[in-house]
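Fold and contact review
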Amino acid sequence: MSDTTSTTRSLDDLRTRLEEILPAAQADLESLVRIPSIAFEGYDPEPVRRSAEAVAALLEDAGMPEVRITSVDGGSPAVIARMPAAHGQPTVLLYAHHDVQPTGDENAWTSPPFEPEVRESRLYGRGSADDKAGVMAHVTALRLVREQLQADGIGVTVFVEGEEECGSPTFRPFIEAHRDELAADLIIVADSANWQVGVPALTSSLRGVVSVTVDVRVLEQGVHSGIFGGPVLDAPTQLARLIATLHDDNGEVAIDGLHRAEDPEVDLPEAEYRADATVLEGLELSGTGPITARQWTRPALSVIGIDAPSIRDASNTIVPTASAKISLRIAPGEDPARAMDLLVAHLQAHAPRTAQVDIRRGEEGKPYQARTGTPGIELALASLEAAWGVPAVQTGLGGSIPFIADLLEVFPEAEVLVTGVEDPASRAHGVDESLHLGDFARVCLAEALVLTGAGALHSDRSAARAQPMGGAAETDATSSDDRTVA
């Protein structure tokens, strides 16, 4: 029997087995979605604990011999499950998170956010895609091939954290405290997106993020706007004028000195972007250049929150204070500390002399740029193509996963693969978040193929010990080879 025939038969067997276990996987995912595991401050922590317990039970059911729930420094509960490798064999670390974003206005959802519902091949609910589908992709892949992995001696560690959506505040101390348990040769992060429904992607670059809160004060207290208005401009007006300096007339970020990476070689049609982003009909887009460059390799700035009196509570007074939270996505290759300094310097330079402006520094998350052409990437691309039946696209992502830099620093010899369970219609973090169930099945199959292929990958690495399997991310963000169609 030829190797090709053997591989085809193995793939066919996996597809058959996957079809048998998918109904249970979907039911388990729906059970996870029903748990409102929001780890943000001010929310009840009990559902987050319950979510961790549910994940631990699923991993035990998948046959993982060592499963425990733990945390550090008062952080949210995380789950670690281990199946140790045989001597000389590799270990693969599977990452996902079980916490979710707040729902926003629940009345805006078509169906209640924590009551999963299937509509037209999509499962709707908060966390259905981000990232409880990532959790279930790991569980389902293990259900598919755990016995084969054990027979081959390939080790698997699953790490499911519970505070990613609120910035992973204890991530670095956690992985340092559990360095020995989490050490791996290959790390799969299932928390990204595919190119489109039916077309897989491997994420090769991510923007970083920095944030600040700007407080504007003009009066000790509110006073009558008719009697005192004129010599003093209210705080919301002055805050708005300051915010307006952050973009030029074309909508480009106007902060001098910010880094731009090279434009990607693959682009997205404007009509697809408009549909995916739900841009209102008739509006012009902001910025210039390729859509993918504006999304992936250039800085982008958003005001994500404003504190000022609501219209309902408005009175005829000059509003004395107003605040805004500003989020700046930074290009691959940018230093977050440098970007923070540039943002703060811009705000200070443009602060009106008619207001007191205070700037509070927030998070600093590093961007990510993968190396190209490594054995791990080639294995992932081949596995994605086998599972989907079409070539995978290597893409950037405008969102940020800052902890990837921590993984590469703590485990410098490991290679990180960033894979996706979402698609452009998933609306992660938004209203009516959803998962395409057909692509979810393909994600599970592709991960199973990567897991079973890790042994040969490790053998190749051992034979060429002088060349690391992956290693740290590229620091030169000007290369765009990783964003071309495979």
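Keep in mind it's a predicted model, so treat the numbers as computed, not measured. (Residues numbered from 1 in each chain as written. Predicted model: local features only at pLDDT ≥ 70, side-chain atom pairs only at ≥ 80, totals over all residues. Heavy atoms only, no water.)

Below, the discussion takes up the pairing of strand β3 (residues 91-97). Burial within β3 is extensive, with 7 of its 7 residues counted as buried. By the bridge criterion, 7 bridges tie β3 to strand β6 (residues 155-161) in an arrangement that is parallel. Opposite L94, over in β6, you have V158 as the bridge partner. By the bridge criterion, 4 bridges tie β3 to strand β7 (residues 186-193) in an arrangement that is parallel. The partner of Y95 across the bridge, within β7, is V189. (Buried < 20%, exposed > 50% of the residue type's maximum accessible area, 1.4 Å probe, protein only. Helix = DSSP H or I, 4+ residues; strand = E, 2+ residues; numbered from the N terminus. Pairing = 2+ DSSP bridges.)

Let's shift gears to the sheet that holds strand β11 (residues 300-307). Overall, antiparallel pairing links the 4 strands, which are arranged β11-β13-β9-β14 in an open sheet. Only two strands of the sheet have a single neighbouring strand rather than two, namely β11 and β14 (356-365). Recorded for the sheet is a direction-independent mean angle of 20 degrees between the axes of neighbouring strands. Pairing geometry for strand β9 (residues 208-217) and strand β13 (residues 321-330), over 10 bridges, is antiparallel. (Axes fitted to C-alpha atoms, helices over the stretch in contact; angles between N-to-C directions.)

This paragraph deals with helix α2 (residues 46-61). Compared with the 22 Å implied by 1.5 Å per residue over 16 residues, the 23 Å span of α2 between its first and last C-alpha is a close match. Buried within α2 are the following residues: P47, V48, S51, A52, V55, A56, L58 and L59. After α2 finishes, the residue G63 shows a positive phi value of roughly 95 degrees. (Expected span 1.5 Å × (residues − 1).)

Take the nonpolar core next. Grouped together as the largest cluster of nonpolar side chains are 64 residues, with contacts concentrated most on L59, V156 and V158. Excluding anything up to four places from it in sequence, V158 contacts L59, M64, V79, I80, A81, L94 and L142. By size, the runner-up hydrophobic cluster in this structure holds 27 residues, among which are V214, L239, V253 and L328. (Core = buried A, V, L, I, M, F, W, Y, C linked by side-chain atoms within 4.5 Å. Contact = heavy atoms within 4.5 Å.)

As a further point, take unusual backbone geometry. D130 connects to D131 through a cis peptide bond whose omega is 0 degrees. Inspection of the secondary structure puts D131 in the loop between β5 (122-124) and α3 (132-152). If you check the backbone angles, R427 has positive phi at about 55 degrees while not being a glycine. In this structure, R427 sits in the loop between β17 (415-422) and β18 (434-436). Under the relative-accessibility criterion, R427 is labelled partly exposed at 43%. One non-glycine residue, H429, lies in positive phi territory at about 75 degrees.

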